[in-house]
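Close look at the chain arrangement
Now for the letters of each chain:
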Amino acid sequence: MELSLLTFQHISGAIAVILGAAGYVFYAQGIYQGSVKPHFFSWFVWGILTATAFAAQVVSGGGAGTWVTGFTALACLCFALVGLGASSRSLITKSDWIFFIAALLAIPVWYVTGDPLWSVILITVTDAVAFVPTFRKGYMHPETESAATYALSGIKFIFGILALQAFSVTTVLYPASLIVANGVFVLVLFWRKFPHK
């Protein structure tokens, strides 16, 4: 029974990473074609936040469910680097700097409290607010975002949660929030790309 559960978690963890990679292929293809322009601050902040969440999941015994979080952190930081050249500087606002600073605060909060949960709560809230620049850009310029990437990102975290070997607020809160955020963003993109008359 335990072996079967472990196998299920490993398979779910692998599926989550594969879905994530597939979504990022769509995104990279869009960047290459010039139709997608990543928002540097959003991707960089997501990279920092996701890396912190990954560390919190690991120390909390998340097991295979942490794979997709670690993979996502690495991918976000890569897209942030691409975004430095692809993003328009006019899209970077003062609020983006605030989100960036808030993301950096997650690590000291963990250090001071000695509890990764408080850090996860902070990064979950910060991530939701840091999504605002991308929501704004997606609403104003839906053609610059890939709905497939965000849809697969939401789905991958469903499998990521299924792959967790320890269920707690610390391990589940952040990926659950990403499922919701990505799902809502996909709906916004479809609504803006195909407006109802």
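Coordinates for the structure precede this section.
These remarks concern the structure in this document. Everything numeric here is computed off the predicted structure, so don't read it as measured data.

Reading guide: rules and limits
- Residues numbered from 1 in each chain as written.
- Predicted model: local features only at pLDDT ≥ 70, side-chain atom pairs only at ≥ 80, totals over all residues.
- Heavy atoms only, no water.
- 1 Å grid on protein atoms, 1.4 Å probe; cavity = no way out; pocket = protein on both sides within 12 Å on 5 of 7 lines; lining within 4 Å.
- Points joined across faces, edges and corners; volume = space filled by probe spheres on them.
- Helix = DSSP H or I, 4+ residues; strand = E, 2+ residues; numbered from the N terminus.
- Nonpolar A, V, L, I, M, F, W, Y, C, P; charged D, E, K, R; others polar.
- Buried < 20%, exposed > 50% of the residue type's maximum accessible area, 1.4 Å probe, protein only.
- Core = buried A, V, L, I, M, F, W, Y, C linked by side-chain atoms within 4.5 Å.
- Contact = heavy atoms within 4.5 Å.
- Expected span 1.5 Å × (residues − 1).
- Arc of directions from axis to C-beta.
- Polar contact = N/O pair within 3.5 Å; in protein donor to acceptor, adjacent residues only side chain to side chain.

Turning to empty space enclosed by the protein, a few remarks are in order. Counting across every chain of the model gives one cavity of 30 Å³ or more. What lines the largest cavity is a set of 16 residues, among which Trp46, Cys76, Ser153, Leu178 and Asn182 lie closest to the centre. Contributing elements (two or more residues each) for the lining of the largest cavity: helix H2 (40-59), helix H3 (67-86), helix H7 (147-162) and helix H8 (169-193). Residue contributions to the lining of the largest cavity peak at five residues, all from H7. Residue composition of the lining of the largest cavity, grouped by class: nine nonpolar, five polar and two charged.

With that settled, the discussion passes to the environment of valine 129. One can find valine 129 in helix H5 (residues 116-130). With relative accessibility at 36%, the residue valine 129 sits in the partly exposed group. Each C-alpha atom, one on valine 129 and one on phenylalanine 99, is 7.2 Å from the other, the two residues being 30 residues apart in sequence.

For the rest of this paragraph, the subject is the nonpolar core. Membership of the largest hydrophobic core comes to 37 residues, with the highest contact counts inside it found for Tyr27, Trp43, Tyr150 and Tyr174. Of all the elements in the fold, those that place two or more residues in this core are helix H1 (2-33), H2, H3, helix H4 (94-113), H5, H7 and H8. Ranked by the residues each element gives to this core, the list is headed by H2, at nine residues. For tyrosine 27, the residues in contact, after removing those within four places along its chain, are Val36, Lys37, Pro38, Trp43, Phe79, Glu145, Ser146, Thr149 and Tyr150.

A few words now on H2. Relative to the 28 Å expected for 20 residues at 1.5 Å per residue, H2 spans 29 Å between its end C-alpha atoms, a close match to the ideal helical length. With 14 of its 20 residues buried, H2 lies for the most part within the structure. Where H2 terminates, the next one or two residues include glycine 61, which has phi positive at roughly 80°.

Where helix H6 (residues 132-140) is concerned, the buried positions are Pro133, Thr134, Lys137 and Gly138. Each buried residue of H6 lies within a common arc of 130° when the element is viewed along its axis, so the set occupies one face. Elements in contact with the buried residues of H6: H2, H4, H5, H7 and H8.

Considering the arrangement of structural elements, one finds threonine 149 in helix H7. Its relative accessible area of 2% is what places threonine 149 among the buried residues. Among the polar contacts listed, one links the side chain of threonine 149 to the backbone oxygen of glycine 23, at a separation of 2.7 Å. Ignoring sequence-local partners within four residues, the contact set of threonine 149 consists of Gly23, Tyr24, Phe26 and Tyr27.

Within the secondary structure, threonine 52 is located in helix H2. Under the relative-accessibility criterion, threonine 52 is labelled buried at 6%. If we ignore the near neighbours within four places in the chain, the residues touching threonine 52 are Ala106, Ile107, Trp110, Ser119 and Ile123.

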